[in-house]
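A structural walkthrough
Read off the chains here:
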Amino acid sequence: MKKLIVSALTLTLISFASVQAQTTEPATQATQQETQKDAATTQKADKEDKVAVKPEDLPAGIKKTIQGDEFSGWTVKKAFLVTDPNKKQYYELQVAKGSESARVKLDKDGNNVG
């Protein structure tokens, strides 16, 4: 008699567990899909727009800053006009001095922004 009751109780618990697993699985999948969509949207919104600019085409304020004492001996290897998600623009310069290299962020007037 005890074996019968234990077996019945075990079957009942197993059936409840399988029903719970089946009802929560689709909800979990839907939640995961929503999370993936939100992450993709956030990545698009956080993306910066980067456009290559020739070093000789940089604004006068940046050229003046680069020719000043702070950047003495450094040369611009690459330059980019970057528009961040907030629509703020700045120039990202890759500069080099001998074997050293650095990345500098300046606004159009030559002020350091990063």
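As shown above, the structure is provided for reference.
Residues numbered from 1 in each chain as written. Predicted model: local features only at pLDDT ≥ 70, side-chain atom pairs only at ≥ 80, totals over all residues. Heavy atoms only, no water.

1. Some remarks on the pattern of salt bridges
As enumerated under the stated definition, the model contains 2 salt bridges in all. As a salt-bridge pair, glutamate 92 and lysine 50 come within 2.9 Å of each other at their nearest N and O atoms. In this pair, glutamate 92 is assigned in strand S3 (residues 89-97) and lysine 50 in strand S1 (residues 49-53), connecting sequence segments 42 residues apart. Assessed through its relative accessible area of 4%, glutamate 92 is described here as buried. Accessibility expressed as a relative area gives 42% for lysine 50, which makes it partly exposed. (Salt bridge = Lys/Arg side-chain N within 4 Å of Asp/Glu carboxyl O. Helix = DSSP H or I, 4+ residues; strand = E, 2+ residues; numbered from the N terminus. Buried < 20%, exposed > 50% of the residue type's maximum accessible area, 1.4 Å probe, protein only.)

2. Some points on the pairing of S3
Bridge count for strand S2 (residues 75-83) against S3 is 8 bridges, and the pairing is antiparallel. Each bridged residue has a counterpart across the sheet, and for threonine 83 the counterpart in S3 is glutamine 89. Taking the residues that link successive antiparallel strands as the turn, the S2-S3 hairpin has 5 residues, and the phi of lysine 87 there is positive, at about 70°. Here 7 bridges tie S3 to strand S4 (residues 100-106), and the two strands are oriented antiparallel to one another. Residue glutamine 94 lies in a different strand from S4, and its bridge partner there is arginine 103. (Pairing = 2+ DSSP bridges.)

3. Let's talk about the packing of aromatic side chains
Throughout the structure, instances matching the rule amount to 0 aromatic pairs. The ring centre of phenylalanine 80 lies 5.0 Å from the NZ or CZ of lysine 50, which sits over that ring. (Phe/Tyr/Trp six-rings, centres within 6.5 Å; stacked < 30°, edge-to-face > 60°. Lys NZ or Arg CZ within 6 Å of the ring centre and 35° of its normal.)

4. Some remarks on unusual backbone geometry
Positive phi, close to 70°, is recorded for lysine 87, a residue that is not glycine. Secondary-structure assignment places lysine 87 in the loop between S2 and S3.

5. With respect to the sheet that holds S3
To summarise the sheet geometry, strands pair through backbone hydrogen bonds and adopt either a parallel or an antiparallel arrangement. The strand order S1-S2-S3-S4 describes an open sheet built from 4 strands, whose pairing is antiparallel. The open sheet has two edge strands, S1 and S4, and neither has a second partner. In this sheet, adjacent strand axes meet at a mean angle of 25° when their direction is disregarded. Where helix H2 (residues 60-67) meets the sheet, its contacts fall on S2, S3 and S4, and the angle it forms with S3 comes to roughly 30°. (Axes fitted to C-alpha atoms, helices over the stretch in contact; angles between N-to-C directions. Contact = heavy atoms within 4.5 Å.)

6. A few points about a nonpolar patch on the surface
Taken together, the side chains of Met1, Leu4 and Ile5 make up a nonpolar region of the molecular surface, amounting to roughly 400 Å² of accessible area. In this fold, leucine 4 is placed in helix H1 (residues 2-46). Residue classification places leucine 4 among the exposed positions, given a relative accessible area of 59%. (Patch = residues over 30% accessible without salt bridge, like charges linked within 9 Å, V, L, I, M, F, W, Y side chains within 5 Å. Areas by Shrake-Rupley, 256 points an atom, 1.4 Å probe, with all protein chains shown as cover.)

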